[in-house]
Amino acid sequence: MPVAGVDVGSVAAKAVIFDPQSRSLLGKAVLPTGWNAREAGEKALAAACADAGGIAASRIVGTGYGRISLPFADKVVTEITCHARGAVHLFPGTGVVLDIGGQDSKVIAIAPDGSVTNFVMNDKCAAGTGRFLDVMARVLEVKVEDLGTLGAQSTKNVSISSTCTVFAESEVISQLSLDTDKRDIINGIHHSVASRVAGLAHRVGVRDQVVMTGGVAQNTGVVKALEEELGHIIYTSPLTQYNGALGAALFAYQRYQKEQKG
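This one's a predicted model, so the numbers in the text were calculated from it and none came from an experiment.

Each helix and strand counted, the protein has 8 helices and 10 strands in total. Taking 18 Å as the expected radius of gyration for a compact globule of 262 residues, we find that the protein reaches 19 Å, a close match to that expectation. Overall size of the protein, expressed as C-alpha extent along the three principal axes, is 65 × 35 × 30 Å. The burial tally for the protein puts 52% of its 262 residues in the buried class. Contacts spanning at least 24 positions in sequence make up 66% of the contacts within the protein whose residues lie at least 6 apart. Summed over its atoms, the accessible surface of the protein is roughly 11800 Å², and 51% of this surface lies on carbon and sulfur atoms. One finds the centroid of the 24 positive side-chain charges in the protein at a distance of 7 Å from the centroid of its 25 negative side-chain charges.

Here's what the structure looks like:
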């Protein structure tokens, strides 16, 4: 029976419908969370079911910061555990997960058996998160989804040294006043994010293989900068933004199996 995972994050709500038989996704959806986490989760789940051809899920597990607002979930699991489970499913042998979301960033150490051995989290400041990139894109008057492409065209790295978003914004404005090429500023922004996340990673230890999840993993500039900072290849997937929801769905299937065995 198909199962569902719903990941309600601070910025986006994601849902997937997972088919245990083929071990693939039948449907998926991502929507803005907005102010109502419960409604966002419900809409994301409905959209994922519709994307799967109207299939209803037999079991549902919720995760993310809004997981306690999901009364339709059979169980809720922390996002740390779900991101680890999803990453190991996509990349067997995962040693470290770098999850950069809209409002926080996490580094998760994974044991050979797939369990979480340690993690660190930045949830007190926007630096090193998707929010940081949103602010910088607005100052630069470019689309956040274009940052990766523009940064790749840079010919030099402009240092953005402040770890505080407010001060970093001032640095960017100062660089713009000097007619510094936006592409070089963006390259500097990517390295600023990478430096912040690399600092977290070194606290838990970095070993192959390194998997990056979360919406920021779609930014090729940040991925490349992190590879340079860590000295490791970083693996990403087209499903990176759905990784937490995928992990939740895998827990939903595990719950279904236990119930069937009585």
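There is more to say, and it comes next.
Before going further, it helps to examine the packing of aromatic side chains. The relative placement of two aromatic rings is captured by the distance of their centres and the angle of their planes. If you walk through the whole model with that rule in mind, you get 1 aromatic pair. Here the basic side chain of Lys28 rests over the ring of Tyr242, its NZ or CZ set 6.0 Å away from the ring centre. Over the ring of Phe251 we find Arg85, and its NZ or CZ is 4.5 Å from the ring centre.

Among the nonpolar cores identified, the biggest contains 37 residues, and Leu98, Val107, Ile189, Met212 and Leu226 are the most heavily contacted of them. Elements represented by at least two residues in this core include exactly β6 (96-100), β7 (105-110), α3 (130-140), α5 (165-177), α6 (182-204), β9 (210-213) and α7 (220-230). Ranked by residue count, the leading element in this core is α6, at 10 residues. Discounting residues that sit within four places of it in the chain, Leu226 has contacts with Leu98, Ile100, Ala194, Val197, Ala198, Met212, Gly231 and Ile234. If you look at the next biggest cluster of nonpolar residues, it comprises 17 residues, including Ala15, Leu45, Cys49 and Ile60.

A few words now on helix α2 (residues 79-90). Taking 1.5 Å per residue, 12 residues should reach 16 Å; α2 reaches 16 Å between its end C-alpha atoms and fits that length. Three or more residues of α2 are buried, namely Glu79, Ile80, Cys82, His83, Ala84, Gly86 and Ala87.

The strand order across the open sheet built from 5 strands is β3-β2-β1-β4-β5, with neighbouring strands paired in mixed fashion. The strands lining the two open edges of the sheet, one partner per strand, are β3 (24-32) and β5 (75-76). Relative to β3, strand β2 (residues 12-19) runs antiparallel, the two sharing 8 bridges. When the bridges of β3 are listed, Ile17 appears paired with Gly27.

Moving on, we get to the confidence of the model for the protein. A residue-level look at the protein finds 99% of positions with pLDDT of 70 or above and a mean pLDDT of 93. Confidence scores differ between elements of the protein, with α5 showing the lowest mean pLDDT of 92 and strand β4 (residues 60-63) the highest of 98.

What follows is about the pairing of β4. A two-sided burial pattern is seen for β4, the buried positions comprising Ile60 and Gly62 on one face and Val61 and Thr63 on the other. Pairing of strand β1 (residues 3-8) with β4 involves 4 bridges; the strand directions are parallel. Across the sheet, residue Val6 finds its bridge partner in β4, namely Gly62. Two elements, β4 and β5, share 2 bridges in a ladder whose sense is parallel. By the bridge assignment for β5, Val61 is matched with Lys75.

To continue, consider the environment of Val216. By the secondary structure assignment, Val216 is in the loop between β9 and α7. With residues up to four places along the chain from it excluded, the contact list for Val216 reads Ile100, Gly101, Thr129, Gly130, Leu133 and Val222.

Pairing in this open sheet of 5 strands is mixed, and the strands run β8-β7-β6-β9-β10 from one edge to the other. Lying at the two open borders of the sheet, with one neighbouring strand each, are β8 (116-122) and β10 (234-235). For β6 and β7, the ladder comprises 5 bridges, and the chain directions are antiparallel. Counted as the bridge partner of Val97 is Ile108 from β7.

About the cut-offs
- Each chain has its residues counted from 1, following the order in which its sequence is written.
- Since the coordinates come from a predicted model, pLDDT governs what is reported: local features require at least 70, and pairs of side-chain atoms require 80 or more to be given and counted, while whole-chain, interface and lining totals use all residues.
- Think of the side-chain values as coming from all heavy atoms in the structure, minus any hydrogens and water.
- For the purposes of this entry, the term helix denotes a DSSP run of H or I that reaches at least four residues, the term strand denotes a run of E that reaches at least two, and both are numbered from the N terminus.
- The reference for a compact globule is 2.2 Å times residues^0.38; the radius of gyration itself is calculated from the C-alpha atoms.
- Note on classification: 1.4 Å probe, protein chains only; a residue is buried when its accessible area is under 20% of the maximum for its type, exposed when over 50%, partly exposed between these limits.
- Here a residue-residue contact requires only that any non-hydrogen atoms of the pair lie within 4.5 Å.
- Accessible surface is estimated by sampling points in the Shrake-Rupley manner with a 1.4 Å probe; for residues, cover comes only from the protein chains shown.
- When charges are tallied, Lys and Arg are placed among the positive residues and Asp and Glu among the negative ones, while His and the ends of the chain are skipped.
- Here the site of a charge means NZ on Lys, CZ on Arg, CG on Asp, or CD on Glu.
- Pairing of aromatic rings covers Phe, Tyr and Trp, the last through its six-membered ring, and needs centres within 6.5 Å; plane angles under 30 degrees mean stacked, over 60 mean edge-to-face, and all others mean tilted.
- Throughout this description, the term charge over a ring refers to an Arg CZ or Lys NZ atom that lies within 6 Å of the ring centre and within 35 degrees of the ring normal.
- We call a set of buried residues a nonpolar core when its members are Ala, Val, Leu, Ile, Met, Phe, Trp, Tyr or Cys and they connect through side-chain atoms within 4.5 Å of each other.
- Helix span, as expected, comes to 1.5 Å for every residue beyond the first.
- Two strands qualify as a pair provided DSSP detects at least 2 bridges between them.
- The predictor attaches a confidence to each residue, and that confidence, scored 0 to 100, is pLDDT.

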